[in-house]
Amino acid sequence: MILYITVAAATVLIACAVNNQPVLQPYKVTRQQLCNRVCMLTVFTGLFALSACRLNVGNDYAKYVEFMHLVNCDAYVPTEAGFNLLVRLVYGLSGFENYLLVFAIYAFVTLLFFLLAAYEQSDDFPLTFFLFMALGYYFQTFSTVRYYLALAIAFYSMKLVLRRQWGRFLLLTLAGSLFHRSLLVVIPLYFLASLPWKKWQLAIGALFCTTFLFFQDFYLQVVVYLYPTYEETEYLEGGTSAVNILRCLAVLGMALLVLRLQKGERQAAGEDLPRGAAAGEREDRRFWFYFYLNLGALALYVFCSFLPIISRIGYYLTISHIVFLPMLLGQIRSVRLKKLFRLGIIAAAILYFAVYMSRAGDDGTLILPYKTFFFHDMVNILSDVN
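These numbers come from a predicted model, not from an experiment.

Draft legend 1. Region of the structure containing the side chain of Gln331. Its location among the elements puts Gln331 in the loop between α17 (321-330) and α18 (335-358). With a relative accessible area of 16%, Gln331 lands in the buried category. Only 3.4 Å separates the side chain of Gln331 from the side chain of Asp284, close enough to count as a polar contact.

Draft legend 2. Examining the nonpolar core more closely. Residues Phe129, Phe139 and Tyr190 are the most contacted members of the largest nonpolar core, which totals 117 residues. Top contributing element to this core by residue count: helix α8 (residues 145-162), with 15 residues. Ignoring anything within four residues of it in the chain, the contact list for Phe129 reads Thr11, Val12, Ala15, Val43, Leu47 and Leu115.

Draft legend 3. Summary view of the packing of helix α5 (residues 99-121) against helix α6 (residues 125-134). Two numbers describe how α5 lies on α6: the axes approach to 9 Å, and their chain directions differ by 145°. Seen from above, α5 lies across α6 with right-handed handedness. Contacts from Phe114, Leu115, Ala118 and Tyr119 in α5 reach Phe125, Thr128, Phe129 and Phe132 in α6.

Draft legend 4. Structural view of the packing of aromatic side chains. Under the criterion given, the structure shown has 41 aromatic pairs. Between the aromatic rings of Tyr64 and Phe83, the centroid separation amounts to 5.8 Å while the plane-to-plane angle is 50°, which identifies the pairing as tilted. With Tyr64 in helix α3 (residues 61-72) and Phe83 in helix α4 (residues 81-94), this residue pair connects regions lying 19 residues apart in the sequence. Ring plane angle 90° and centroid distance 6.4 Å describe the contact between Tyr64 and Phe103, whose orientation is recorded as edge-to-face. Within this pair, whereas Tyr64 is found in helix α3, its partner Phe103 is found in helix α5, the two being separated by 39 residues in sequence. A residue is classified by how much of its surface remains accessible, and Tyr64, at 4% relative accessible area, is buried. In this structure Phe103 comes out as buried when scored by relative accessible area, which is 3%. By way of ring pairs, the aromatic residues Trp166, Phe169, Tyr190, Phe191, Phe287, Trp288, Phe289, Tyr290, Phe291, Tyr292 and Phe324 are connected into one cluster.

Draft legend 5. Geometry of the environment of Leu189. Checked against the element boundaries, Leu189 lands in helix α10 (residues 186-193). For Leu189, a relative accessible area of 24% translates into the label partly exposed. Apart from the residues lying within four places of it in its own chain, the contact partners of Leu189 are Ile313 and Leu317.

Conventions we followed
- Residues numbered from 1 in each chain as written.
- Predicted model: local features only at pLDDT ≥ 70, side-chain atom pairs only at ≥ 80, totals over all residues.
- Heavy atoms only, no water.
- Helix = DSSP H or I, 4+ residues; strand = E, 2+ residues; numbered from the N terminus.
- Buried < 20%, exposed > 50% of the residue type's maximum accessible area, 1.4 Å probe, protein only.
- Polar contact = N/O pair within 3.5 Å; in protein donor to acceptor, adjacent residues only side chain to side chain.
- Core = buried A, V, L, I, M, F, W, Y, C linked by side-chain atoms within 4.5 Å.
- Contact = heavy atoms within 4.5 Å.
- Axes fitted to C-alpha atoms, helices over the stretch in contact; angles between N-to-C directions.
- Left-handed = near helix turned anticlockwise from the far one by under 90°.
- Phe/Tyr/Trp six-rings, centres within 6.5 Å; stacked < 30°, edge-to-face > 60°.

Spelled out as structure tokens, the structure:
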């Protein structure tokens, strides 16, 4: 645990020197740009090294080693074609079952997408990176490596949605789905979140959400059709998280408060307000995109808790928290109020990190104790026992 806390603290401190909106000068690399490159490379290298050097760290590390062995033996595995192809390629070029290199490649690509997305999309990179570490996203990449690669791609693809680059968005999503098919859900979800919803449309959407309460068997059959390996397994038990619901409510509450403050400030200044929204906010595509992502996540957690692994679908939406919160802070004009909200966000994230670390050795996480291939050997997998 001391290692994780040290790495988190050190990388956050380095990230504080990054300004992802530097003043540019033509034909010249500024001091801030050079600082950004050095700091980003240092952060990436530190996080990548910790992830790539681990051995049997993560809830399903041994399970993935087993899958890779079966892929190499041309046996059936429930993993996607991209994962299987990567394993065959790495094992074939290495001449042995080099699962360490497979995990390293996943760590490299996952971190690359996460950090690029944070740098390019955040209004405050140091705060976004702090939330990325404190909310456990980095440490969760040690487990469910296929899913967190997909989550990183989804996070990166948000900028394509905001730019209306639908072709690139579809190509990137389809490519990512070759490593985890659940990524396909972001195609309709991100599209819906990008629409300019009206109140009566939201009311119809709320009525539709109630159908999940009355037709659970039908929706479960749809899930089993899409994921036949879930049938008659513990994955169909469903379940949701009160913490995720509270997070969505807190973020949405802050967003509505920011809108109200902006509306009051413009009214006090005598500015005209467009019907149905605070001035300018209806045109702010990014604000409403993040807002509807979180509103959709809240609906999923409340109405669809019976669906298997609903939290994974929700994470595709709530990953926006780490860029939405800095954006909201930037729109608060009151210096005192901005500091108050910033302190509240940081305190809540630190509390979350403390609770997460206290459970880091439990089943479902298992990132403690940290082991590295430099000093430890891999345990026997199922195929070795049999």
